[in-house]
Amino acid sequence: MKKIKKRGAVYGVIALLLCAAAYLNWSYVDTPEDLLAAQQTDTQADTQTDASADSTAGEGDYFASSRLTRTQARDEAVSTLKELSESDTADQSAKDDAAAQISALADDTVAEANIESLIRAKGYEDAVVMLGDGSANIVVAPPDGGLQAEDVAVIRDIVISETGMTAGQIKIVEAS
């Protein structure tokens, strides 16, 4: 009975740490609209110094800052899980669960990089992909004339082939 209570406490700690990691991920990763507004504000401030250089750098900054934010949030989650997996007080099943979650995060990181590369290989200027909780959010630099249905189909096919997700789990947003 004592072992069951201890295991329950460990699972409670795992649940608490995962909730904290999810909250940190949520709080670090802004919505695309928030990031775009911040990028536009930065671009307007930079325009006063060099207007021609900032028109292309502003868009690149959005994608770079999104990747950085995603990486920071994921690093926080991995750090928390790593602490748990190396804890002396956690039982083996909790450590195994933490290791499995770290592995899943690593798989998501590889898949995101692959999808971003494939999207660029199809001729799109840039994209940032965020995988998690059985969904994929993709923000794409639109081609001239904006993102068309054919573009969405191409990107959706890439995500489906790399992740096995269904079309309903994929959200594609055009960066403006």
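Rules used throughout
- Residues numbered from 1 in each chain as written.
- Predicted model: local features only at pLDDT ≥ 70, side-chain atom pairs only at ≥ 80, totals over all residues.
- Heavy atoms only, no water.
- Pairing = 2+ DSSP bridges.
- Helix = DSSP H or I, 4+ residues; strand = E, 2+ residues; numbered from the N terminus.
- Expected span 1.5 Å × (residues − 1).
- Buried < 20%, exposed > 50% of the residue type's maximum accessible area, 1.4 Å probe, protein only.
- Arc of directions from axis to C-beta.
- Contact = heavy atoms within 4.5 Å.
- Polar contact = N/O pair within 3.5 Å; in protein donor to acceptor, adjacent residues only side chain to side chain.
- Axes fitted to C-alpha atoms, helices over the stretch in contact; angles between N-to-C directions.
- pLDDT = per-residue confidence, 0-100.
- Core = buried A, V, L, I, M, F, W, Y, C linked by side-chain atoms within 4.5 Å.
- Phe/Tyr/Trp six-rings, centres within 6.5 Å; stacked < 30°, edge-to-face > 60°.

## Considering the pairing of strand 2 (residues 135-140)
In the sheet, strand 1 (residues 127-132) pairs with strand 2 via 6 bridges, with the strands oriented antiparallel. Bridge pairing in strand 2 places Ala 127 opposite Val 140. Counting the residues that bridge the hairpin from strand 1 to strand 2 gives 2 residues, and of these Asp 133 lies at a positive phi of roughly 50°.

## With respect to helix 5 (residues 149-163)
In a regular helix each residue adds 1.5 Å, so 15 residues correspond to 21 Å; helix 5 covers 21 Å between its end C-alpha atoms and thus fits that length. Buried within helix 5 we find Asp 151, Ile 155, Ile 158 and Val 159. Relative to the axis of helix 5, the buried residues are bounded by an arc of 95° and lie together on one face. Opposite the packed face of helix 5, turned more than 90 degrees from it, sit the exposed residues Ala 149, Glu 150, Asp 157 and Ser 161. Where helix 5 is buried, its residues contact helix 4 (92-121), strand 2 and strand 3 (170-174). One or two steps after helix 5, the chain reaches Gly 164, where phi turns positive at roughly 80°.

## Regarding the side chain of Ser 85
By the secondary structure assignment, Ser 85 is in helix 3 (residues 51-85). A distance of 2.9 Å separates a polar side-chain atom of Ser 85 from the backbone oxygen of Lys 82. For Ser 85, the residues in contact, after removing those within four places along its chain, are Lys 95, Ala 98 and Ile 102.

## Section: helix 4
With 30 residues, helix 4 ought to run about 44 Å at 1.5 Å a step, and its terminal C-alpha atoms sit 43 Å apart, in line with that. Regarding helix 4, the residues found buried are Ala 94, Ala 98, Gln 101, Leu 105, Ala 111, Glu 112, Ile 115, Glu 116 and Ile 119. Positive backbone phi, at 105°, marks Gly 123, one or two positions downstream of helix 4.

## Some details on the sheet that holds strand 1
Strand order in this open sheet of 3 strands is 1-2-3, and the pairing throughout is mixed. Across the chains shown, the open sheet's two edge strands, defined by having one partner strand only, are strand 1 and strand 3. Between one strand axis and the next, the sheet turns through 15° on average, direction left out of account. Of the strands in this sheet, strand 1 and strand 2 are in contact with helix 4, which crosses strand 1 at around 150°.

## A closer look at the confidence of the model for the protein chain
In the predicted model, the protein chain carries a mean pLDDT of 77, and 66% of its residues have values of at least 70. Every residue in residues 9-13 scores below 50 in pLDDT, and together they form 5 contacts with partners more than four places removed in sequence or on other chains. The low-confidence segment residues 15-57 (pLDDT under 50) makes 32 contacts with residues lying over four places distant or belonging to another chain.

## Topic: the nonpolar core
For soluble globular proteins, nonpolar side chains are generally found buried alongside one another. Counting residues in hydrophobic clusters, the biggest one holds 17 residues, and the most contacted among them are Ile 119, Ile 138, Val 140 and Ile 155. What Ile 155 contacts, discounting residues up to four positions off in sequence, is Ile 119, Tyr 124, Ile 138, Val 140, Leu 147 and Ile 172. With 8 residues, the next largest nonpolar core counts Phe 63, Met 130, Val 139 and Val 173 among its residues.

## Side note on the packing of aromatic side chains
Throughout the structure, instances matching the rule amount to 1 aromatic pair. Aromatic pair Tyr 62 and Phe 63: ring centres 5.0 Å apart, planes at 75°, arrangement edge-to-face. Each member of the pair, Tyr 62 as well as Phe 63, carries the same accessibility label: buried.

## Describing the side chain of Thr 80
If you trace the backbone, Thr 80 turns up in helix 3. Relative accessible area serves as the criterion here: at 16%, Thr 80 is assigned to the buried category. A polar side-chain atom of Thr 80 sits 3.0 Å from the main-chain carbonyl oxygen of Glu 76.

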